[in-house]
Amino acid sequence: DEKDHANGQTTIHDMLKCMSTYQNASGEGPIITEILQFLQGNGVFAWRNYHTGHFNRPMAVQNIRAWVVERRAVISRTPVPQIEQGIRDQIAKCFQKVAGSPKGQPDIFGVVEGRFLAVAVKAPGDQLRAEQEAFLAALRRFGAEVYVATDASTFIHQFSARRGWGQKAKVA
């Protein structure tokens, strides 16, 4: 039974909004997508590197439903922050880690003009961690073309300028 905020109680909408906010917390997703569209649209063999794991959405929905059903009798009296934390806890259980994956890997890998390409994407204001710096340095030592991008337009400009593409590059 869904309650409304007019009565000061939590709604199902609040729970779903929390889940959406949690999933998009990093802010890197849209940047990664735009960079990949640009690269692939310009003939670069590039892919998203799911190095930390994969989010199992069906499992998350199942876990959240079970969590809510267990608390059905008290959910309408539960403070929103407590519900949000409960949903976060259920979502956190739904990340399936990649076994044996080294720390510090970039978000995008590819091959351009016969050269290995790596792009680490950081949300504006975020910094590379030490293991990311070390991983990127190792790639550079082996001849990879490495970028750190905090926004797609700067990356696109730098990548295009390095190739002398200028205005010829297709922008997604």
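Keep in mind it's a predicted model, so treat the numbers as computed, not measured. (Residues numbered from 1 in each chain as written. Predicted model: local features only at pLDDT ≥ 70, side-chain atom pairs only at ≥ 80, totals over all residues. Heavy atoms only, no water.)

This structure, assessed with the given rule, holds six salt bridges. Of the charged contacts in the structure, one is a salt bridge between arginine 115 and glutamate 145, with a shortest N-O distance of 3.7 Å. Separated by 30 residues along the polypeptide, arginine 115 in strand S5 (residues 115–121) and glutamate 145 in strand S6 (residues 145–149) bring together distant segments of the chain. Glutamate 145 sits in the buried class, given a relative accessible area of 2%. Linked by salt bridges that have partners in common, Glu113, Arg115, Glu145, Arg162 and Arg163 make up one network. (Salt bridge = Lys/Arg side-chain N within 4 Å of Asp/Glu carboxyl O. Helix = DSSP H or I, 4+ residues; strand = E, 2+ residues; numbered from the N terminus. Buried < 20%, exposed > 50% of the residue type's maximum accessible area, 1.4 Å probe, protein only.)

To continue, consider unusual backbone geometry. Positive phi, normally seen in glycine, also occurs at glutamate 113, with a value near 50 degrees. Its location among the elements puts glutamate 113 in the loop between strand S4 (108–112) and S5. The class of glutamate 113 is exposed, set by a relative accessible area of 64%.

If you look at the biggest cluster of nonpolar residues, it comprises 20 residues, and the most contacted ones within it are Ile35, Leu39, Ile108, Val119, Phe155 and Phe159. Taken together, the elements giving at least two residues each to this core come down to helix H2 (29–41), S4, S5, S6 and helix H6 (152–163). Broken down by element, this core gets its largest block of residues, six residues, from H2. With residues up to four places along the chain from it excluded, the contact list for leucine 39 reads Val44, Ala46, Ile108, Leu117, Phe155 and Phe159. The next biggest cluster of nonpolar side chains, apart from the first, holds 10 residues, and it includes Ile64, Val68, Ile87 and Cys94. (Core = buried A, V, L, I, M, F, W, Y, C linked by side-chain atoms within 4.5 Å. Contact = heavy atoms within 4.5 Å.)

Attention now moves to the sheet that holds S6. With respect to topology, four strands assemble into an open sheet ordered S1-S4-S5-S6, the strand pairing being mixed. Among the strands making up the open sheet, the edge pair consists of strand S1 (45–48) and S6. Here the strands of the sheet are splayed against their neighbours by 15 degrees on average, with no regard to which way each runs. Bridging between S1 and S4 involves four bridges; their strand directions are antiparallel. Each bridged residue has a counterpart across the sheet, and for alanine 46 the counterpart in S4 is glycine 110. Lying over the sheet, helix H5 (residues 130–141) contacts S4, S5 and S6, oriented at roughly 150 degrees with respect to S6. The strands touched by H6 are S4, S5 and S6; relative to S6, the strand with the most contacts, the crossing angle is about 155 degrees. (Pairing = 2+ DSSP bridges. Axes fitted to C-alpha atoms, helices over the stretch in contact; angles between N-to-C directions.)

Turning our eyes to something else, we now look at the environment of glutamate 145. Separated by 26 residues in the primary sequence, glutamate 145 and valine 119 have C-alpha atoms spaced 8.5 Å apart. Leaving out residues up to four positions away in the same chain, glutamate 145 has contacts with Val112, Arg115, Phe116, Leu117, Ala118, Phe159, Arg162 and Arg163. A polar atom in the side chain of glutamate 145 sits 2.7 Å from the side chain of arginine 163. (Polar contact = N/O pair within 3.5 Å; in protein donor to acceptor, adjacent residues only side chain to side chain.)

Attention now goes to the side chain of asparagine 42. Topologically, asparagine 42 is positioned in the loop between H2 and S1. Within the structure, asparagine 42 has its side chain in polar contact with the backbone oxygen of phenylalanine 38 (distance 2.8 Å).

Distances and angles like these do not, on their own, reveal function.
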